[in-house]
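# Remarks on the overall topology
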Amino acid sequence: MALNPQRTVDELKDLRARTGNADGAQRVAFTETWDTARAWLREKLEQLPVEIETDEAGNVWATLRGASDKELLIGGHMDSVPNGGWLDGCLNVLAGLEVLRRIASEGTPPVTVRLVDWADEEGARFGRSLFGSSAASGSMNPDDLRDLTDKQGIKLVDAIARYGLNLDTVKQSNKQLKNAKAYLELHIEQGPVLESMNLPLGVVLGTFGVERHGIRFTGQSAHAGSTPMNQRRDALGAAAKLALEIREIAKRHGGVCTVGSVVTKPGIVTAVVGQCDITLDQRHLNAESLAKMLQEAKDASERFAKEENVGVEWSRLWQIHPILFNQDLIEMADEAVRETAGTSHRLPSGPLHDAAEVARAGIPTVMLFVQSLRGLSHAKEEDTKEEHIAMSVEALDKLATKAMRWVAAQ
Ligand SMILES: [Zn+2]
């Protein structure tokens, strides 16, 4: 049976009809609609000569035994954000399904091939993303999740218990990665880069490292009428200067920096701002450049604080190191994209993905991106040209063949 990329397009539409509505996809993890999507997937997997199991973290695995126990993994996530797009996550799984069909139709593959549907990649309900993959990779600390609740006040521990999952045992899913030698994931880009270059496909170099900080400038709140301009200690003045400076810092280093929140106190029209809290998010694929961007932002904040005669304090909200994908697999992915689309482009990923967790666990990993129209995602407007979806399935298939050969030769 030859690969049939059009079938993937048709299946994506079928899934959208079953699990979406006028507002978009509704496959939020640990809900009934998610169940519906997974049951639909299982029916398709059952038509293949694969073993299907659900691990301790709720990840679903379909295993096609090969001549060797060494494993090639292909992954994605069936869950979506509420009012999400029709491609985020499920394209990866359904493209993997089509590749699995093609490989299975040719008899016993040289290595074992497994498709994984990670549980709760989005973290949309409890605010904790990469649930299943971080449990399997070992990076999850279950205690961080114990008190999480959704908007209705339902605890995560109770929601996952309905699926037979227990935080004390989720990390046992790690044994699923024991024989894994390579991991592939196709994803929509969720950004505008490939579209702006007029390219259907790209190869992902890794995921950005992130520095996320809260910055507080403290001046003196004072009357807007009686305080002369040269006697003010305006906390917003310093914050505003920093908000502009981080754009220059990002440009200098080829990263991205964002001030996403500004809160002023007292926050009234007749008072100089006495306290200003801003957030800073900085991302780069290179750890050294990320560290430089952070240092330059800190230095700039001190300088502006001095100029405005205010104080400044930093507190780290969150941090993750850049995660680089495997060089050999990047080369293979580049070849597969060129064979499919003529031209390839290598780019970093801004968003995190399950692939980052797998790479963190030490398994050689690579991702393919397919163009997103208008760069939109996590919205019902999320879209990709059907011809590009078909090409992405073809490229993943070619990459899988190369990766199987590579794993077999190890
Ligand atoms: Zn996704």
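Above this text you will find the structure in question.
Predicted model, so just to flag it, every value in this text is computed and none were measured. (Residues numbered from 1 in each chain as written. Predicted model: local features only at pLDDT ≥ 70, side-chain atom pairs only at ≥ 80, totals over all residues. Heavy atoms only, no water.)

## A look at the coordination of the zinc ion
The coordination sphere of the zinc ion, as far as protein atoms go, consists of H77 (NE2), D88 (OD) and H187 (NE2), spread over 2.1 to 2.2 Å. We note that the donor set of the zinc ion lies within a single chain, spaced as H-x10-D-x98-H. Taken together, the residues span a long stretch of sequence, with H77 in the loop between β5 (68-76) and α3 (90-105) and D88 in the loop between β5 and α3 at a distance of eleven residues. The class of H77 is buried, set by a relative accessible area of 1%. (Donors = N, O, S within 2.8 Å, 3.2 Å for Na, K, Ca; no water. Helix = DSSP H or I, 4+ residues; strand = E, 2+ residues; numbered from the N terminus. Buried < 20%, exposed > 50% of the residue type's maximum accessible area, 1.4 Å probe, protein only.)

## Digging into the sheet that holds strand β14 (residues 311-320)
With respect to topology, four strands assemble into an open sheet ordered β11-β13-β9-β14, the strand pairing being antiparallel. Edge positions in the sheet fall to β11 (256-265) and β14, since each has one partner strand and no second. Strand-to-strand, the axes of this sheet are offset by a mean angle of 15°, without reference to chain direction. Bridge count between strand β9 (residues 209-218) and strand β13 (residues 275-284): ten bridges; the pairing is antiparallel. Opposite G214, over in β13, you have T279 as the bridge partner. (Pairing = 2+ DSSP bridges. Axes fitted to C-alpha atoms, helices over the stretch in contact; angles between N-to-C directions.)

## Brief notes about the packing of helix α2 (residues 32-45) against α3
Following both chains from N to C, one finds α2 and α3 inclined at 10°, their axes separated by 11 Å at the closest point. It follows from the interaxial angle that α2 and α3 lie roughly parallel. Along its contact with α2, which presents W40, L41, K44 and L45, the element α3 presents V93, L94, L97, L100 and R101. Considering only residue class, the contact of α2 with α3 consists of seven nonpolar, no polar and two charged. (Parallel < 35°, antiparallel > 145°, perpendicular 65-115°, else oblique. Contact = heavy atoms within 4.5 Å. Nonpolar A, V, L, I, M, F, W, Y, C, P; charged D, E, K, R; others polar.)

## Notes on the side chain of E308
In this structure, E308 sits in the loop between α8 (287-307) and β14. Take E308: its relative accessible area is 18%, and that puts it in the buried class.

## Describing α8
Taking 1.5 Å of rise per residue, 21 residues should cover 30 Å, and α8 covers 30 Å from first to last C-alpha, within 8% of that figure. Three or more residues of α8 are buried, namely S289, L290, M293, L294, A297, A300, S301, F304 and A305. Viewed along the axis of α8, the buried residues span an arc of 145°, placing them on a single side of the element. Away from its buried face by more than 90 degrees, α8 exposes E288 and K306. Residues of α8 that are buried make contact with β9, α7 (235-253), β11, β13 and β14. (Expected span 1.5 Å × (residues − 1). Arc of directions from axis to C-beta.)

## Some thoughts on the environment of Q371
With respect to the helices and strands, the residue Q371 is situated in the loop between β17 (365-370) and α11 (386-408). A relative accessible area of 2% means that Q371 is categorised as buried. Separated by 180 residues in sequence, Q371 and G191 place their C-alpha atoms 8.1 Å apart. If we skip the residues at most four places from it in the chain, Q371 touches L194, E195, N198, L199, P200, D383, T384 and H388.

## Section: the pairing of strand β4 (residues 60-64)
Of all the five residues making up β4, five are buried; the element is thus mostly covered by neighbouring parts of the structure. Of the two faces of β4, the one holding V60, A62 and L64 and the one holding W61 and T63 are both buried throughout. Examined bridge by bridge, strand β3 (residues 51-54) and β4 share four bridges and lie antiparallel to one another. Across the sheet, residue T54 finds its bridge partner in β4, namely V60. Hairpin connection from β3 to β4: five residues lie between these consecutive antiparallel strands, with G58 at a positive phi of about 85°. Alignment of β4 against strand β6 (residues 111-117), held across five bridges, turns out to be antiparallel.

## Focus on the packing of helix α1 (residues 5-19) against α3
Closest axis-to-axis distance for the α1/α3 pair is 10 Å, and the angle between their directions is 140°. Put simply, α1 runs oblique to α3. The two elements α1 and α3 cross, and the hand of that crossing is right-handed. Here R7, T8, E11, L12 and L15 of α1 lie close against α3, whose contacting residues are C90, L91, L94, A95, L97, E98 and R101. The residue makeup of the contact of α1 with α3, split by class, is seven nonpolar, one polar and four charged. (Left-handed = near helix turned anticlockwise from the far one by under 90°.)

## Here's the deal with the pattern of salt bridges
The final tally for this structure, using the stated rule, is 32 salt bridges. For R65, the salt bridge goes to E51, with nearest N and O atoms at 2.9 Å. Of this pair, R65 sits in the loop between β4 and β5 while E51 sits in strand β3; the two residues are 14 residues apart in sequence, bridging distant segments of the chain. We note a salt bridge from R216 to D277, for which the minimum N-O separation is 2.7 Å. On the criterion of sequence distance, the pair formed by R216 in strand β9 and D277 in strand β13 is long-range, its members being 61 residues apart. By relative accessible area, which is 22% here, D277 ends up partly exposed. By sharing partners, the salt bridges in this structure join R7, E11, K44, E98 and R101 into a single network. (Salt bridge = Lys/Arg side-chain N within 4 Å of Asp/Glu carboxyl O.)

## Quick word on the layout of surface pockets
For the largest pocket, the calculated volume is near 350 Å³. Lining the largest pocket are 17 residues, with R128, W318, L352, E357 and R360 sitting closest to its centre. Those elements giving two or more residues to the lining of the largest pocket turn out to be β14 and α10 (354-360). Looking at side-chain class alone, the lining of the largest pocket contains six nonpolar, seven polar and four charged residues. (1 Å grid on protein atoms, 1.4 Å probe; cavity = no way out; pocket = protein on both sides within 12 Å on 5 of 7 lines; lining within 4 Å. Points joined across faces, edges and corners; volume = space filled by probe spheres on them.)

## Let's talk about the side chain of S68
In this fold, S68 is placed in strand β5. Judged by relative accessible area, S68 falls into the buried class, the value being 18%. Ignoring sequence-local partners within four residues, the contact set of S68 consists of P110, V111 and T112.

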